[in-house]
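Residue-level structural notes
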Amino acid sequence: MCLTKCGNELVFVVNLSEEKMKGLVSAKIIIQESENLLFMAYKHVRNLLHGQKYRNTIGNGGMKMSTSRYICSEHVPAEWYEKAFSHVVKLSQLLKNVDSIDGRLVDIDDYSTVVNERMEQRMHNFKSLARSFLGSPLMQKAVKKNMATLASGKCTLPDCFGKPNEREPMTVNSLPVVCNFLNISAQQRKEVRFTVCPQVTQHRIWMGALEETLNRLKSEMKTLDHHYNSLSKGRMMGQQIVQSCLNFLADKAVISCDPDSTSWMRPKPARVPESPSRKWEEVLEMFNHLLKCLRANEEGLHLYVSKLEAMKEGLSQIKDVLVDGKIGYKEARHQQSLVQKKLRKTLGHSSRCLFTLLVYYLYGSIGDIEVDVCGGLYGSDGGDRICLYMGRILTSDAEKMVQSGVKQLDRALGLFKFIWETAKMKGVLELQGHLWCVEAEERLIMYRGNVFFVHKISI
């Protein structure tokens, strides 16, 4: 075990035997803290290597572990919290009014995207560091006391966030993630897919999700142009393809009247020169070109690459279906039903496209759902009421920040409850949210019938 310096970081490298690391040759542990913190971490990890489980490998048999990894251990000395707290406070001040929503940094004041790699790293460090405090004995006692004082019979008081796996972050990007968390059986998963598919593959949901994906990408590209104060060749080409896709969908959109109205109430399509009918295959080709362009010039657009790939899955299933708003009402309705029929038949339970459509169906957005503190279920052993609790870490106690945190957390909880009820699970699922921030005013918030606790991060 040796200590060295790499740039502005103090690094120590641990050489481990095959028996200790099951084939790992070495581990690099990077501690971005003061020399005192480093010394404490150095001694503690040295002890852990002689009998404690070591994990979280990255790359070719190596391991990188920041302080956030080190402090995930259940055996953290009390002095560490005292010294690390000042870093949490400093980061919360640097990140004031900024939050991470759907995988991107957002200014809470106007919900604009913040493009700043240094701030992204600070946000990651802040949430990782703050998350570790939730496992300290003092914080555990403070949370229980806060809940008991504020709840006064309004909700279940679970013994929550006591286990390390309950304090881990979670990205919800597919139905299996939800079903695994809720312990939904294979048979019940079939029931979920059978029930969800007809709802989320409706033509208006499909079109809405496509347009939302493209419009969000278009907006994000403009933000990047403004940030870099230039327009690269790759982004320029990408913007042209996005606009072409949107124009195609607008030009070929099938009659926008109420789908429940009878055919005789609908206006006849305008007479235009006849042209060959077009298919969804054209949109699929544009998506392929767009993905190729973005992969070569991603520059912070990886989230949208993921969503384009998800929607491409659906496009590949309907590529032979006509998409034309000028083919007459009956034929247009037939083509719409073909879209729904093909998507319903081919999108499986683990399909990212199906999940994207579901999120759009429920919330009108297409982003994956991020949960800072995954939480768990309480009271699942034969009880009639089961409590699902999750948490979010905020950079400030400002009212706008707390409101945004509550809404994001409510969206995650609501999705899990929707799947729980769709799977016809036993017991009534009670939803409970927890929010933490430095020097917060501890309080209880009721939102859409659910309870949200605001806790203070302290030592």
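Just so it is clear, the model here is predicted, and its values are computed rather than measured.

1. Some thoughts on the overall build of the protein
- Of regular secondary structure, the protein possesses 15 helices and 14 strands.
- Sequence-distant contacts in the protein: of pairs separated by 6 or more residues, those separated by 24 or more amount to 71%.
- When the accessible area of the protein is evaluated, it comes to approximately 23,100 Å², of which 48% is carbon and sulfur surface.

2. A word on the sheet that holds strand β14 (residues 450-457)
- Taking strand neighbours across the sheet as the criterion, the five strands line up as β10-β11-β12-β14-β13 in an open arrangement whose pairing is mixed. Sheet topology places β10 (373-378) and β13 (443-447) at the edges, where each strand pairs with a single neighbour. Strand-to-strand twist across the sheet, computed as the mean angle between neighbouring axes with direction ignored, equals 20°.
- Strand direction decides the pairing type here: β10 and strand β11 (residues 385-393), joined by four bridges, are antiparallel. Pairing of L377 across the sheet is with L388, part of β11.
- The strands that helix α5 (residues 117-133) touches are β11 and β14; relative to β11, the one it contacts most, it runs at about 135°.

3. What to know about the packing of aromatic side chains
- Counted by the stated rule, this structure contains nine aromatic pairs.
- Ring geometry for W80 versus F133: centroids 6.1 Å apart, planes at 45°, classification tilted. Remark: F133 occurs in helix α5 and W80 occurs in helix α4 (residues 78-94); sequence separation between them is 53 residues.
- Among the residues examined, W80 registers a relative accessible area of 0% and is labelled buried.
- Between F161 and W436, the aromatic rings sit 5.1 Å apart at their centres with planes inclined by 80°, giving edge-to-face as the arrangement. Placement of the pair is F161 in the loop between α6 (137-151) and β8 (170-172) and W436 in strand β12 (residues 428-438), with a sequence separation of 275 residues.

4. A few points about the pairing of β12
- Within β12, ten of the eleven residues are buried, which leaves it mostly tucked inside the rest of the structure.
- With nine bridges connecting them, β11 and β12 associate as parallel partners. Its bridge partner lying in β12, L388 is registered against L431.
- Of the crossover connections in this fold, the one passing from β11 over helix α15 (residues 399-422) to the parallel β12 is right-handed.
- One ladder, built from seven bridges, connects β12 with β14; its direction is parallel. In the strand pairing of β14, G433 is matched with F452.

5. Some points on the sheet that holds strand β6 (residues 104-107)
- Read from one edge of the open sheet, three strands run β5-β6-β7, paired in antiparallel fashion. Each end of this open sheet is capped by a strand with a single partner; those strands are β5 (98-101) and β7 (112-113).
- Here β5 pairs with β6 via four bridges, running antiparallel. Across the sheet, the residue bridging to D99 is V106, located in β6.

6. Structural notes on the confidence of the model for the protein
- Residues at a pLDDT of 70 or more form 76% of the protein, whose mean pLDDT is 80.
- Low pLDDT, under 50, characterises residues 1-73; the predicted model gives this stretch 126 contacts beyond four residues in sequence or across chains.
- Segment residues 254-258: pLDDT under 50, and nine contacts once partners within four positions in sequence are set aside and those in other chains are kept.

7. Some thoughts on the nonpolar core
- By size, the foremost hydrophobic cluster in this structure holds 84 residues, and its most contacted members are W206, W280, M390 and I419.
- Counting residues per element, this core draws most heavily on α15, at eleven residues.
- Apart from the residues within four sequence positions on either side, I419 is in contact with L175, V178, C179, I184, V192 and L358.
- In terms of nonpolar packing, the next biggest core, distinct from the first, is built from 35 residues, L105, M147, W436 and F453 among them.

8. Overview of a positive patch on the surface
- Taken together, the side chains of K341, K342, R344 and K345 present a region of like positive charge at the surface.
- Considering the arrangement of structural elements, one finds K341 in helix α13 (residues 329-346).
- Residue classification places K341 among the exposed positions, given a relative accessible area of 52%.

9. Quick word on the pattern of salt bridges
- Taken as a whole and judged by the stated rule, the model has 15 salt bridges.
- One salt bridge in this structure joins K144 and D159, with 3.4 Å as the shortest N-O distance. With K144 in helix α6 and D159 in the loop between α6 and β8, the pair connects residues that are 15 residues apart, well separated along the chain.
- Among the residues examined, K144 registers a relative accessible area of 45% and is labelled partly exposed.

10. Brief notes about the side chain of D99
- Mapped onto the elements, D99 comes out in strand β5.
- When its relative accessible area of 0% is taken as the criterion, D99 is described as buried.
- In terms of polar contacts, D99 uses its side chain to reach the side chain of K127, at 3.2 Å.
- Excluding anything up to four places from it in sequence, D99 contacts R104, L105, V106, I108, M123, K127, R392, I393, L394 and M401.

11. Observations regarding the packing of helix α8 (residues 186-200) against α15
- Where α8 meets α15, the closest approach of the two axes is 9 Å, and the angle between their N-to-C directions is 115°. Judged on the interaxial angle alone, α15 and α8 are roughly perpendicular. Here E191, V192, T195, V196 and Q199 of α8 lie close against α15, whose contacting residues are F418, I419 and T422.
- Taken together, the residues that form the contact of α8 with α15 break down as four nonpolar, three polar and one charged.

Reading the values: the criteria
Residues numbered from 1 in each chain as written. Predicted model: local features only at pLDDT ≥ 70, side-chain atom pairs only at ≥ 80, totals over all residues. Heavy atoms only, no water. Helix = DSSP H or I, 4+ residues; strand = E, 2+ residues; numbered from the N terminus. Contact = heavy atoms within 4.5 Å. Areas by Shrake-Rupley, 256 points an atom, 1.4 Å probe, with all protein chains shown as cover. Pairing = 2+ DSSP bridges. Axes fitted to C-alpha atoms, helices over the stretch in contact; angles between N-to-C directions. Phe/Tyr/Trp six-rings, centres within 6.5 Å; stacked < 30°, edge-to-face > 60°. Buried < 20%, exposed > 50% of the residue type's maximum accessible area, 1.4 Å probe, protein only. Right-handed = clockwise from strand over helix to strand, strands pointing away. pLDDT = per-residue confidence, 0-100. Core = buried A, V, L, I, M, F, W, Y, C linked by side-chain atoms within 4.5 Å. Patch = residues over 30% accessible without salt bridge, like charges linked within 9 Å, V, L, I, M, F, W, Y side chains within 5 Å. Salt bridge = Lys/Arg side-chain N within 4 Å of Asp/Glu carboxyl O. Lys, Arg positive; Asp, Glu negative; His and termini not counted. Charge placed at Lys NZ, Arg CZ, Asp CG, Glu CD. Polar contact = N/O pair within 3.5 Å; in protein donor to acceptor, adjacent residues only side chain to side chain. Parallel < 35°, antiparallel > 145°, perpendicular 65-115°, else oblique. Nonpolar A, V, L, I, M, F, W, Y, C, P; charged D, E, K, R; others polar.

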